[in-house]
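# Residue-level structural notes
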Amino acid sequence: MSDLSHLHPDTTAVTAGRPPRTEQTPVNAPVVLSSTYYSTGVPEAGDLVYARAGTETWLPLEQALAALERAELPALAFASGMGAISAALDLVPAGGEVVIPRHSYHASLVAARHLAERSGVTVTEVDIAETEQVTAALTSSAQRGHAPVLWVESPTNPMLEVADLPVLAEATHAAGGLVIADNTFATPLGQRPLELGADVVVHSVTKYLAGHSDVVLGAVLTNDSSLHQHLHTRRSIGGAIAGPWEAWLALRGMRTLSLRVQRAQQNAAALAAHLSGHPHVVAVGYPGLPDHPQHQRAADQMNGFGSILTLRPLGGVAGADALTRAVQLWLPATSLGGVESLLERRRRLAAEAPTVPEDLLRLSVGIEDADDLIADLDRALAVAAEYAR
Ligand SMILES: Cc1ncc(COP(=O)(O)O)c(C=O)c1O
């Protein structure tokens, strides 16, 4: 992979993963639809033999993502974020220990709990923003003779807690452990966990990276060749591989990552300001707001504050549900990170953590006009407020 580290990330997103500049090669990598390859004799490492183990169609995406995360090794694409997360959790040894945010994406928590049931792994759930609580959990794990795996989401889904990544990475390494960071919310433009001390980064490429709510895909990155080899083997054996079209579409979406992220963040900031102190709003959460408990940490650690907001409307659960039916521009749907603005009452999902307030809406702010988004939400908030009477 050519070294793109001197380029601005906005340029990298457009440039990385293109075919070599030789006469009459296409400027975009082609989609190759073949499950198998001509191959005779004993294959060497890296040879293309069978498409579950490796296909050239993943490589442009994997190289571009590695360039964005400034990883030394190519990313490993997976069929979904959860495919990537399951492979990364496989780095936890049987009988080992995982420290994980209590407000991680709920399926990541379920996957960790399955490890506990099946492989005797101890799972400690923490408030990832409370650095002392997390370091205490890591220290106790080391005292029990384990090398703990610290799972980090920052900001968390959906509560938007921000972890002190460099301090937690140092504490994990002091305990002999490994840090795995889910960087889906921040994107590599918002923060690069490998540079902040993480050992492994996972992504739901489905979200901002692909960016158009039309692809489900995941990825894992690391600078460590033995971890890379382990994750590569997990992918080949587990079989959660990316489809060729999905990989191509995700890279096509990534070309505009910078523009989309910038616009969505501007919109999110405008919405957060508008909703703070709004007469029909009980609480609004956004790391960019000065009253967010980890606002300063986010400002120090991140480039921008992301484009996810939490909102508790006046009118309680019934009001929140009414709001999701009253919006005409916002789309009531799960997921996040697409060009369109989505909102969802998270506790409607049985798997969501019970510590997430029942009436909390998660807003994924898209790239529409901010005034249109505000006007639509204002109308729906007035409908929700009727339930407070
Ligand atoms: C933070 C985070 N990580 C991982 C995932 C899982 O990704 P996927 O749906 O692509 O499997 C999600 C999905 O919502 C998520 O929000």
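Everything numeric in this text was worked out from a predicted model, so none of it was measured.

## With respect to the site of the ligand
Every one of the 13 residues lining the ligand counts as a neighbour, but M82, D182, S204, T206 and K207 are closest to it. One of the backbone nitrogen or oxygen atoms of M82 is found 2.8 Å away from an oxygen atom of the ligand. One of the side-chain N or O atoms of T206 is found 2.6 Å from an oxygen atom in the ligand. Protein contacts shield 91% of the accessible area of the ligand, which totals 390 Å² for the unbound molecule. Looking at the shell around the ligand element by element, the count peaks at 3 residues for helix α3 (residues 81-89). Among the residues making up the shell around the ligand, the classes are represented as 5 nonpolar, 6 polar and 2 charged.

## Description of the domain arrangement of the protein chain
By domain assignment, the protein chain separates into domain 1 (9-254) and domain 2 (257-388). Computed from C-alpha coordinates alone, the two centres of domain 1 and domain 2 are separated by 27 Å. At the interface, 36 residues of domain 1 touch 36 residues of domain 2. Where domain 1 abuts domain 2, roughly 2900 Å² becomes buried across the two surfaces, and 58% of that area is made up of carbon and sulfur atoms. Counting every contact that joins domain 1 to domain 2 gives 19 residue pairs in polar contact (both at pLDDT 80 or more). Of all elements in the fold, only α6 (165-174), α7 (187-190) and α9 (244-254) reach the threshold of two or more residues within the side of domain 1 that touches domain 2. By residue number, the principal contributor to the side of domain 1 that touches domain 2 is α7, which donates 3 residues. For the side of domain 1 that touches domain 2, the residue count by class is 19 nonpolar, 12 polar and 5 charged.

## Focus: the UniProt feature "modified residue: N6-(pyridoxal phosphate)lysine" (unreviewed entry) in the protein chain
Under the local residue numbering, the UniProt record ascribes the feature "modified residue: N6-(pyridoxal phosphate)lysine" (unreviewed entry) to K207. Every residue in contact with K207, bar those within four places of it in the chain, is listed here: T184, S335, L336 and G337.

## Things to note about the side chain of S204
Structurally, S204 can be placed in strand β6 (residues 200-204). With near-sequence residues (within four places) excluded, S204 lies in contact with G81, T184 and L217.

## Thoughts on the packing of aromatic side chains
A full pass over the atoms with the stated rule returns 1 aromatic pair. A centroid spacing of 6.5 Å and a plane angle of 65 degrees characterise the contact between Y286 and F305, whose relative ring orientation is edge-to-face. Pair noted here: Y286 is in the loop between β8 (281-285) and α11 (295-301) and F305 is in the loop between α11 and β9 (308-313), with a separation of 19 residues, a long-range link.

## Considering the pairing of strand β5 (residues 178-182)
Summarising burial for β5: 5 of the 5 residues are buried, a large majority. As judged from the 5 bridges shared by strand β4 (residues 149-153) and β5, these two strands associate in the parallel manner. The residue of β5 that forms the bridge with V149 is L178. Handedness of the crossover joining β4 and β5 through α6: right-handed. The pairing of β5 with β6 spans 3 bridges and is classified as parallel. Residue pairing for β6: D182 is matched across the bridge by V202.

About the thresholds
Residues numbered from 1 in each chain as written. Predicted model: local features only at pLDDT ≥ 70, side-chain atom pairs only at ≥ 80, totals over all residues. Heavy atoms only, no water. Near = heavy atom within 4 Å. Polar contact = N/O pair within 3.5 Å; in protein donor to acceptor, adjacent residues only side chain to side chain. Areas by Shrake-Rupley, 256 points an atom, 1.4 Å probe, with all protein chains shown as cover. Helix = DSSP H or I, 4+ residues; strand = E, 2+ residues; numbered from the N terminus. Nonpolar A, V, L, I, M, F, W, Y, C, P; charged D, E, K, R; others polar. Domains from an automatic or database assignment. Contact = heavy atoms within 4.5 Å. Buried area = accessible area lost by both parts, 1.4 Å probe. UniProt positions renumbered as here; feature names shortened; annotations may be inferred. Phe/Tyr/Trp six-rings, centres within 6.5 Å; stacked < 30°, edge-to-face > 60°. Buried < 20%, exposed > 50% of the residue type's maximum accessible area, 1.4 Å probe, protein only. Pairing = 2+ DSSP bridges. Right-handed = clockwise from strand over helix to strand, strands pointing away.

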